[in-house]
There are 2 protein chains.
Amino acid sequence: MPILRNIGTLATCRADGAQGDIHSIHDAALVWEEGRIVWMGPEAELPALDDARESWDAGGRLVIPGLIDCHTHLAFGGWRAGEFEQRLLGESYQDIARAGGGIAATVEATRAVSEEALSERCVDFLHAMLRLGVTTVECKSGYGLNTENELKILRAYRRVSAMQPVRLVATLLGAHVVPKEWKADRRRYVDLVIEEMIPAVAAENLAEFCDVFVEDTAFTVDEARRILGAGSAVGLKPKLHADQLAPGGGAELAAEVRAVSADHLEHASEAGLTEMARAGTVAVALPLATLYLRQSPMAARRFVDAHVPVAVATDFNPGSAPSYDMHLALLLACTFLGLTPSEALKGATVHAARAVGRERDIGSVEPGKAADFAVIDAPDVTHWMYHFRPDTCRMTVVDGTVQWEAPGLSPAGTGRC
Amino acid sequence: MPILRNIGTLATCRADGAQGDIHSIHDAALVWEEGRIVWMGPEAELPALDDARESWDAGGRLVIPGLIDCHTHLAFGGWRAGEFEQRLLGESYQDIARAGGGIAATVEATRAVSEEALSERCVDFLHAMLRLGVTTVECKSGYGLNTENELKILRAYRRVSAMQPVRLVATLLGAHVVPKEWKADRRRYVDLVIEEMIPAVAAENLAEFCDVFVEDTAFTVDEARRILGAGSAVGLKPKLHADQLAPGGGAELAAEVRAVSADHLEHASEAGLTEMARAGTVAVALPLATLYLRQSPMAARRFVDAHVPVAVATDFNPGSAPSYDMHLALLLACTFLGLTPSEALKGATVHAARAVGRERDIGSVEPGKAADFAVIDAPDVTHWMYHFRPDTCRMTVVDGTVQWEAPGLSPAGTGRC
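Worth saying up front: this structure is predicted, and the values here are computed from it rather than measured.

Trainee: Help me understand the overall build of chain A, please; the structure alone is not making it clear to me.
Mentor: In terms of helices and strands, chain A carries 15 helices and 17 strands. Judged by the C-alpha coordinates and their principal axes, chain A covers about 70 × 45 × 45 Å. Expressed as a percentage of the 417 residues in chain A, the buried residues total 64%. In chain A, once contacts between residues fewer than 6 apart in sequence are set aside, the share between residues at least 24 apart is 71%. When the accessible area of chain A is evaluated, it comes to approximately 13600 Å², of which 49% is carbon and sulfur surface. Charged side chains of chain A number 39 positive and 56 negative; the gap between the two group centres comes to 2 Å.

Written as structure tokens, this is what we have:
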């Protein structure tokens, strides 16, 4: 029965209460067994336990639930660094897309890459994310845009799940944009997603969610409704990219189809917000996209005030958010969105778990949940966001196993007793 | 004669040309001897050299001049994480200062810390900065605000210079704010800075620069003019914190007194900008303060267009910029200020060297200059900014000596041949 002692602040991130209520325990200890948390509380109240346990010392540091990055486009070919510079020089994301750059460029690069090569690249990214305290990653397809290549990406995710410790949750995003070969006949592409792609993904059980990018440059609300309906019919739960670049009725649709989450929402309408609150849909904020696209942030406070759970994720992708740095995403959730550090953290843990339908299993440090947690070199959550620097994560545990432990960077010394 | 081979892109950052002209050499090599660069160019043109040299392999990566953080408040007691949260909840920096928080809180904490303890803290920060590729740091006093404590901070910097490899450039900022004991008689505090503090600092040769915070909550233009004049008279070159929170004539004063740099400038007037261009004053952009204070960014493009050299620094301090992450500052220089990656990099190297009066010695990779450089795990400067992640710096060399080399995080493997 391994135990982690000397935890300065244990941010349990239990779901109940307000967005900012992370239910911290000070001077805490944490006990787990066979991958599950069995006890946490003040160290002074630690029950008598079998003595033959492995013991770790958090060095008075902060311990948080393993971070859940609930929105990424993890598998892609190539990069698009040039577009970053083009945008700085004044071109818009939409202009670049219309000129054949953007998602279309990544689709071309991704189609050219083998399942094996895609998998290896994902493993590299995931190892780096693990070192940031991330233990679960939602990962979308969407750079294949034909059945063969969408399946290739989702099969890569299945393969990657067995190659490294981070837990993956796969989402079919066949409806990311209309690929160029169907531009002249978009209805047939929607039919292809519905009649060929979704059944094939369901037959191989390759995804849990079906997502659609509802946007001027992508799919209409009506198209999305059809696609998500077809997904639901075979057990793929709905998610939505909604109202990122312009208001488009995405939030309203998310509520209508009872989507698990609606993501982006920079331009969500007040009505959409109200309906999301009623439907219990999680709002996923993606502040790295706000940073990289230099756009207005999502109005997180309005969602919080309306009792919509707000999650925070990276949106990691080679165009609008080419960073998997969850710590930076959390800092920006504070400075761009106006969330407090505790609100942001709850967004990257228990609310993110809900956004991937796993709130019973992960997202908080509670008895019975998976022993996923990270030791952070900060005294508390506020300090962690405030004093931004690399290498704050000292140890990451997934399913009870230490999967990352920092080399001796800090004299304070976390680690084995 | 050590040599670094297999450099994918060598961004030499020579001073001539436009802000964005970093004079890159591809497939390059770099040779140094006794702490000075003796040759750099395409590896194919490498001259015959003594064979008994130490050889390093950059693995096709990017090599940049050692980063120069030309504006920090490195030595301080305590932290102010609580204010970060207060600001997120709607309080302004100025409101917090008026209520006894802000700089005054750090002054109290800093006065309570010994020179030894301050020094040790600085050494920890500098080791972390070194791992980010930073080789020179400008460091201000300004949390002592009486002669005894201002000297303590500057003596700590002198001590720290001998304790670790990062090159320090010290600045007296006795005129940071009026300390509370002189609030009722600010003129006497200005006199104290002029008549006691400046002479004492000059007598011990503890600083190269004299800086004043010109702002509603700090010092007037007239007070700053007197203080900088007194500093100049004893060889302390002028610098200015100007027009950060509101327009206040700071840029104009910087030009008038031929300040080496004027820093912040978020609210600089058009006239101030024109006068700075004429005077040759460097504009130091501090985008982490923009991030943390959630304010409008400095209009860097206007300065670049007016041929004012723009430098980029962290402003590291416990209030408005509690991060020493130069990589993040550079990313924000792109996304907030609209600089291109090359423009931002030139701002953190050769223009930053000019902002600390060291442009003859450091800031670019050129024969005769100090062998200060960093190996960055990216193919080029644009990619480095675009794909933000921790741990991109693989090796940092100061004065020809490898002072930091990353552990084997990346399979690509930089390092000794």
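From this point, the discussion proceeds with the structure in view.
Trainee: So what exactly am I meant to see when it comes to the sheet that holds strand S12 (residues 282-285) of chain A here?
Mentor: Within a sheet, neighbouring strands are paired by backbone hydrogen bonds and run either parallel or antiparallel to one another. All names here are of chain A. Here we have eight strands laid out as an open sheet, ordered S6-S7-S8-S9-S10-S11-S12-S13, and parallel in their pairing. Of all the strands in the sheet, just strand S6 (67-69) and strand S13 (310-312) have a single pairing partner and so form its edges. Within the sheet, the average angular offset between the axes of one strand and its neighbour, ignoring direction, is 25 degrees. The pairing of strand S11 (residues 261-264) with S12 spans three bridges and is classified as parallel. Bridging from a neighbouring strand, Ala-262 pairs with Ala-283 of S12. The sheet strands contacting helix H6 (residues 186-204) are strand S8 (167-175) and strand S9 (209-214), and the helix crosses S8 at an angle near 150 degrees.

Trainee: Help me understand the sheet that holds strand S10 (residues 237-242) of chain B in this model?
Mentor: Residue and element names in this part refer to chain B. Pairing is parallel in the open sheet, where eight strands are placed in the order S6-S7-S8-S9-S10-S11-S12-S13. Edge positions in the open sheet fall to strand S6 (67-69) and strand S13 (310-312), since each of these has one partner strand only. Shown here is a sheet whose adjacent strand axes are inclined to one another by a mean of 25 degrees, direction ignored. Alignment of S10 against strand S11 (residues 261-264), held across four bridges, turns out to be parallel. Across the sheet, Ala-242 pairs through a bridge with His-264, a residue of S11. The strands touched by helix H4 (residues 115-130) within the sheet are S6, strand S7 (134-140) and strand S8 (167-175), with S7 carrying the most contacts at an inclination of about 145 degrees. Helix H7 (residues 221-233) contacts S8, strand S9 (209-214) and S10 of the sheet and is inclined by roughly 175 degrees relative to S9.

Trainee: Before we go on, may I ask you to explain the confidence of the model for chain A in this structure?
Mentor: Predicted coordinates in regions of low pLDDT should not be interpreted in detail. With 97% of its residues at a pLDDT of at least 70, chain A reaches an overall mean of 95. We note a pTM of 0.96 for the whole complex and an ipTM of 0.96 for its interfaces.

Trainee: What's the story with the interface of chain A and chain B in this structure? I'm lost.
Mentor: Accessible area lost when the parts come together is the quantity often used to give the size of an interface. Taken residue by residue, the interface counts 40 residues in chain A and 40 residues in chain B. Of the roughly 3700 Å² buried between chain A and chain B on both sides combined, carbon and sulfur atoms contribute 66%. Linking chain A to chain B there are zero salt bridges. Here chain A and chain B share 16 residue pairs in polar contact (both at pLDDT 80 or more) between them.

Trainee: I tried to follow the pattern of salt bridges on my own but got confused; where do I start?
Mentor: Two side chains of opposite charge can pair, provided their charged atoms sit close to one another. A complete count under the given rule lists 47 salt bridges over all chains for this structure. Between Arg155(A) and Glu204(A) there is a salt bridge; the shortest N-O distance is 2.5 Å. Placement of the pair is Arg155(A) in helix H5 (residues 147-161) and Glu204(A) in helix H6, with a sequence separation of 49 residues. Residue classification places Arg155(A) among the partly exposed positions, given a relative accessible area of 31%. A salt bridge links Asp377(B) to Arg389(B), with the nearest nitrogen and oxygen atoms 3.4 Å apart. With Asp377(B) in the loop between strand S14 (373-376) and helix H15 (381-386) and Arg389(B) in the loop between H15 and strand S15 (393-398), this pair connects stretches of sequence that are 12 residues apart. Summarising the burial analysis for this pair, Asp377(B) and Arg389(B) share the class buried. Shared partners join several salt bridges into a network, and the residues in it are Arg61(A), Asp377(A) and Arg389(A).

Cut-off values and rules
- Residues numbered from 1 in each chain as written.
- Chains lettered and ligands numbered in written order.
- Predicted model: local features only at pLDDT ≥ 70, side-chain atom pairs only at ≥ 80, totals over all residues.
- Heavy atoms only, no water.
- Helix = DSSP H or I, 4+ residues; strand = E, 2+ residues; numbered from the N terminus.
- Buried < 20%, exposed > 50% of the residue type's maximum accessible area, 1.4 Å probe, protein only.
- Contact = heavy atoms within 4.5 Å.
- Areas by Shrake-Rupley, 256 points an atom, 1.4 Å probe, with all protein chains shown as cover.
- Lys, Arg positive; Asp, Glu negative; His and termini not counted.
- Charge placed at Lys NZ, Arg CZ, Asp CG, Glu CD.
- Pairing = 2+ DSSP bridges.
- Axes fitted to C-alpha atoms, helices over the stretch in contact; angles between N-to-C directions.
- pLDDT = per-residue confidence, 0-100.
- Buried area = accessible area lost by both parts, 1.4 Å probe.
- Salt bridge = Lys/Arg side-chain N within 4 Å of Asp/Glu carboxyl O.
- Polar contact = N/O pair within 3.5 Å; in protein donor to acceptor, adjacent residues only side chain to side chain.

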